[in-house]
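Here's the letter readout for the chains.
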Amino acid sequence: MPRPTAHRAPFGSAPGNAEADIWTLDSGTGVRAEVLTYGGVLHRLSVPDTHGDSRQIVRSLATMDEYAKDHPYFGALVGRYANRIAHGSFVLDGTTHEIPANDRGHALHGGPEGFHTRVWEATAREDGDAASVDLRLHSPDGDMGFPGALEVRATYAVDASGTFSLDCTATTDRATVVNLTQHAYFNLGDEDVLGHTLEVDADHYLPVDPEGIPEGDPAEVRGTPFDLTTPHVLRDRLALPHEQLASAGGFDHCWVLRDAAPGRRLRRAARLTAPGASRVMEVWTTEPGIQVYTGNLLDGTFTDGEGRVHDRHGAVCLETQHLPDSPNRADYPTTVLRPGQTLRTRTEWRFPHLSTAH
């Protein structure tokens, strides 16, 4: 049986003349991931369909120069705080901290120079039935306004079963807030994702104001377009009348997963199915929430260098994470990390169709 392998190659010069590499993790059984040390970007994820035909299922950019420009986080490893912090401000232990506002007056994804703009240190391992690359980053005290020096480790891996995974850990020398996510744009094999079927294992979601900030308590999905407790075609859900959809132009909301208390238990969060079920992807996570974003603001500005233009609803993000604006919401699961504690998260992307492929 083929053994998973890890291979490094140069990718280009990042801002500041730091060299970025690309690591290829090959399961040996069809699933192959390509990860950049710049921004921890998932550059490519190739997955066979039920007939064995492989396809790249994440939207990417063509070159290092394109990734170094301002873009909507294609494939990025996002931190120090994924999603939004209202007005870029929060109080921790009596001290107010200000994060640069980069989205309609609020801080988004760690600020304008978040983890998606850094070159991470990398080492790889081949352990027989799995191959992985460890990315490490030191985020100094005061980085983008966040308190505490943070040591972050993100491990991407593929195993012989075809499972792709991301494990993150973080420690700090001072109380801080941390929320990490993977911001891949998925398309399992169509011109857009409107014909894809999505199921989310959540009974509640967070309604947001026109600037993307949660309005209050989680709301029941029952009786709304946000009810994805059973599989629904995205086109049908997005066509339903609802002020939340009209305001955001589609889904750009966080679902509160069942058993949302943070912990070590890995459970399914979502299942995405291509038209005809040629490919199926399940997202499993230890995180309390998942942000579903249907590429509402993609406008054809970006391409992948292979003829694919990234248009509106051309892909869907399934970002496992804590809830947005948690530093300002004592009723949400805490994102506070203190000295002596270790943040641990795991997300897996599984492809159940491979076990039944011809």
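In this section: the packing of aromatic side chains. Scanning all chains against the criterion turns up 13 aromatic pairs. The interplanar angle of 40° and the centroid separation of 6.3 Å between the aromatic rings of tyrosine 205 and tryptophan 255 together place this pair among those described as tilted. Here tyrosine 205 is found in strand E19 (residues 202–205), whereas its partner tryptophan 255 is found in strand E22 (residues 252–257), with 50 residues between them in sequence. Residue tryptophan 255 is classed as buried on the basis of its relative accessible area, which comes to 0%. Relative to tryptophan 255, the ring of phenylalanine 251 lies with its centre 5.2 Å away and its plane at 90°, an arrangement referred to as edge-to-face. When sorted by exposure, phenylalanine 251 lands in the same class as tryptophan 255, which is buried. Feature note: the residues Phe74, Tyr185, Tyr293 and Phe302 constitute an aromatic cluster, connected by ring pairs. The ring of tryptophan 284 carries arginine 350 above its face, with NZ or CZ at 3.8 Å from the centroid.

Next up on the list: the sheet that holds E19. Strand order across the open sheet formed by six strands is E17-E26-E25-E22-E19-E20, with antiparallel pairing between neighbours. Every other strand in the sheet has two partners, leaving strand E17 (185–186) and strand E20 (219–220) as the edge strands with one partner each. Sheet topology places E19 next to E20; two bridges connect them, and they run antiparallel. Counterpart to tyrosine 205 in the pairing with E20 is alanine 219.

Relative to E22, E19 is paired through three bridges, and the arrangement is antiparallel. The residue of E22 that forms the bridge with tyrosine 205 is tryptophan 255.

Another point: the environment of alanine 86. By the secondary structure assignment, alanine 86 is in the loop between strand E7 (84–85) and strand E8 (89–92). Sequence-wise, alanine 86 and arginine 104 are 18 residues apart; in three dimensions their C-alpha atoms are separated by 9.8 Å. Non-local contacts of alanine 86, meaning those with residues more than four positions away in its chain, are made with His106, Ile213, Asp325 and Asn328.

Evaluated as defined, the whole model comprises 27 salt bridges. The residue aspartate 134 makes a salt bridge to arginine 153 at a minimum N-O spacing of 3.3 Å. Separated by 19 residues along the polypeptide, aspartate 134 in strand E12 (residues 130–139) and arginine 153 in strand E13 (residues 150–159) bring together distant segments of the chain. Its relative accessible area of 5% is what places aspartate 134 among the buried residues. The partly exposed category is assigned to arginine 153, whose relative accessible area is 27%.

This part covers the sheet that holds strand E11 (residues 121–126). The strand order across the open sheet formed by nine strands is E11-E12-E13-E14-E28-E24-E23-E18-E21, and the pairing between neighbours is antiparallel. The two strands at the open ends of the sheet, each matched to only one other strand, are E11 and strand E21 (232–233).

Here we take up the nonpolar core. Counting residues in hydrophobic clusters, the biggest one holds 61 residues, and the most contacted among them are Leu45, Val200, Trp255 and Met281. Sorting elements by how many residues they give to this core places E13 first, with five residues. When sequence neighbours within four positions are dropped, the list of residues in contact with valine 200 reads Leu228, Thr229, Trp255, Leu257, Ala269, Ala270, Ile290 and Val292. Within the second largest apolar cluster, 22 residues are counted, among which are Leu36, Ala76, Leu108 and Leu298.

Here glycine 79 and arginine 80 are connected by a cis peptide whose omega angle stands at 5°. Of note in this structure, histidine 87 is not a glycine but carries a positive phi near 60°. Within the element layout of this structure, histidine 87 appears in the loop between E7 and E8. Given the relative accessible area of 59%, histidine 87 is considered exposed. The phi dihedral of histidine 109 is positive, around 55°, even though this residue is not glycine. Tracing the backbone shows histidine 109 in the loop between strand E10 (107–108) and E11.

Conventions we followed
Going along each chain's sequence as written, the residues are numbered from 1 onward. Note on the predicted model: pLDDT of at least 70 is required for a residue's local features to be given, and 80 or more for side-chain atom pairs to be given and counted; whole-chain, interface and lining totals, by contrast, use all residues. The basis for every side-chain value is the complete set of heavy atoms in the structure, and neither hydrogens nor water enter the calculation. Note on aromatic contacts: the rings of Phe and Tyr and the six-membered ring of Trp form a pair at centre separations within 6.5 Å, being stacked when their planes are under 30 degrees apart, edge-to-face when over 60 apart, and tilted otherwise. Numbering of helices and strands starts at the N terminus; helices are DSSP runs of H or I of at least 4 residues and strands are runs of E of at least 2. Buried, partly exposed and exposed residues are distinguished by accessible area as a fraction of the type maximum, computed with a 1.4 Å probe on protein chains only: under 20%, between the cut-offs, and over 50%, respectively. In this scheme, the term charge over a ring applies when either NZ of a lysine or CZ of an arginine sits within 6 Å of the ring centre and within 35 degrees of the ring normal. By definition, two strands form a pair when at least two bridges between them are found by DSSP. Contact between two residues is taken to exist if any of their heavy atoms lie within 4.5 Å; hydrogens are not considered. In what follows, salt bridge is the name for a side-chain nitrogen of Lys or Arg lying within 4 Å of a carboxyl oxygen of Asp or Glu. Residues belong to a common nonpolar core when they are buried Ala, Val, Leu, Ile, Met, Phe, Trp, Tyr or Cys residues joined through side-chain atoms within 4.5 Å.

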